[in-house]
Amino acid sequence: MASLVLSYYVVLRSVLRIKPELRKCLARCRHCGIFFLSDPRNAGRQDLGCPFGCSRAHRQRQSTQRSVAYYREPEGRVKKQALNTRRRKTPAPPVPPSPVPPGLRPFLQYVCVMVGLIEGRPVGLWEVIEMLERTVRQHRMVRTRRIDQSVAWLNEQPP
Ligand SMILES: [Zn+2]
């Protein structure tokens, strides 16, 4: 994990060297303290959570707190009873499969923001997914070519 953070900081620093104007987008997570690039609209804010899970965890905690507080009220208690009765009657609908694993989504969204900041244009999530798929394909191609070359070499010079 520490080496992952280190290589992330190396990338972040080289990005900031190429694009010094992005320095104003540099933000620090108020939960875990990691530095990250935020949307320019958030520039200068001190209350941001990083895209590596902290902001999502914080949102979830808040929403849990909200609903716990609500269901403690008499009005909420009645509603919860109705909800529970209904839940017992109707089975939960199946969740449609998403092309992106839910755990990966915050990372991809962050890559979106990063690429958008570097290229100076809005970048869609699908573009990032396409880009990553292309990179993986290319890596695989290079590897296959290398194996092919080794096989060819072995054919010419058998051991
Ligand atoms: Zn954080």
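Please read all numbers here as calculations on a predicted model, not as lab measurements. (Residues numbered from 1 in each chain as written. Predicted model: local features only at pLDDT ≥ 70, side-chain atom pairs only at ≥ 80, totals over all residues. Heavy atoms only, no water.)

Asker: Could you give an account of the overall build of the protein, naming the residues involved and the relevant values?
Answerer: Regarding its fold elements, the protein presents five helices and two strands. Radius of gyration (C-alpha) of the protein: 24 Å, far over the 15 Å computed for a compact globule of 159 residues. Across its three principal directions, the C-alpha atoms of the protein cover 85 × 45 × 30 Å. Each of the 159 residues in the protein was classed as buried or not, and the buried ones make up 21%. Partitioning the intrachain contacts of the protein with sequence separation of at least 6 by distance along the chain shows that 36% fall at a separation of at least 24. Entry remark: accessible area of the protein is about 12700 Å², with carbon and sulfur atoms responsible for 60%. (Helix = DSSP H or I, 4+ residues; strand = E, 2+ residues; numbered from the N terminus. Rg over C-alpha atoms; globule rule 2.2 N^0.38 Å. Buried < 20%, exposed > 50% of the residue type's maximum accessible area, 1.4 Å probe, protein only. Contact = heavy atoms within 4.5 Å. Areas by Shrake-Rupley, 256 points an atom, 1.4 Å probe, with all protein chains shown as cover.)

Asker: Describe the pattern of salt bridges, naming the residues involved and giving the relevant values.
Answerer: Close approach of charged atoms allows side chains of opposite charge to pair. Inspection of the entire model under this criterion finds four salt bridges. Linking aspartate 47 and arginine 45 is a salt bridge whose minimum nitrogen-to-oxygen distance equals 3.0 Å. Using a relative accessible area of 41% as the deciding quantity, one classes arginine 45 as partly exposed. We note a salt bridge from glutamate 127 to arginine 121, for which the minimum N-O separation is 3.2 Å. (Salt bridge = Lys/Arg side-chain N within 4 Å of Asp/Glu carboxyl O.)

Asker: Give me the lowdown on the coordination of the zinc ion, citing residues and values where you can.
Answerer: Bound to the zinc ion on the protein side are Cys29 (SG), Cys32 (SG), Cys50 (SG) and Cys54 (SG), at distances that span 2.3 to 2.4 Å. Around the zinc ion sit four donor atoms; with metal-centred angles ranging over 105 to 113 degrees, the donor geometry is tetrahedral. Between the donor residues of the zinc ion, the gaps in sequence give the motif C-x2-C-x17-C-x3-C. A single burial state applies to cysteine 50 and to cysteine 54, both of which are buried. (Donors = N, O, S within 2.8 Å, 3.2 Å for Na, K, Ca; no water. Tetrahedral: all angles 85-135°; square planar, octahedral: opposite > 155°, others 65-115°.)

Asker: Which residues make up the packing of helix H1 (residues 2–18) against helix H4 (residues 105–119), and what are the values?
Answerer: At their nearest, the axes of H1 and H4 sit 12 Å apart, and the two run at 25 degrees to each other. Regarding the angle of H1 to H4, the classification is roughly parallel. Where H1 crosses over H4, the handedness of that crossing is left-handed. Listed contacts from H4 to Tyr8, Leu12 and Val15 of H1 are Tyr110, Met114 and Ile118. (Axes fitted to C-alpha atoms, helices over the stretch in contact; angles between N-to-C directions. Parallel < 35°, antiparallel > 145°, perpendicular 65-115°, else oblique. Left-handed = near helix turned anticlockwise from the far one by under 90°.)

Asker: Tell me about the nonpolar core, and please be specific about residues and values.
Answerer: Within the largest apolar cluster, 17 residues are counted, with the highest numbers of intra-cluster contacts made by Tyr8, Leu22, Phe36, Leu37 and Tyr110. For this core, the element with the highest residue contribution is H1, accounting for four residues. If you look at the next biggest cluster of nonpolar residues, it comprises six residues, including Val115, Val123, Leu125 and Val128. (Core = buried A, V, L, I, M, F, W, Y, C linked by side-chain atoms within 4.5 Å.)

Asker: Explain the confidence of the model for the protein to me, and be specific about the residues and the numbers.
Answerer: In this model, the protein carries an average pLDDT of 81, and 92% of its residues clear a pLDDT of 70 or more. The weakest mean pLDDT in the protein belongs to helix H3 (residues 74–89) at 80; the strongest belongs to strand S1 (residues 26–28) at 90. (pLDDT = per-residue confidence, 0-100.)

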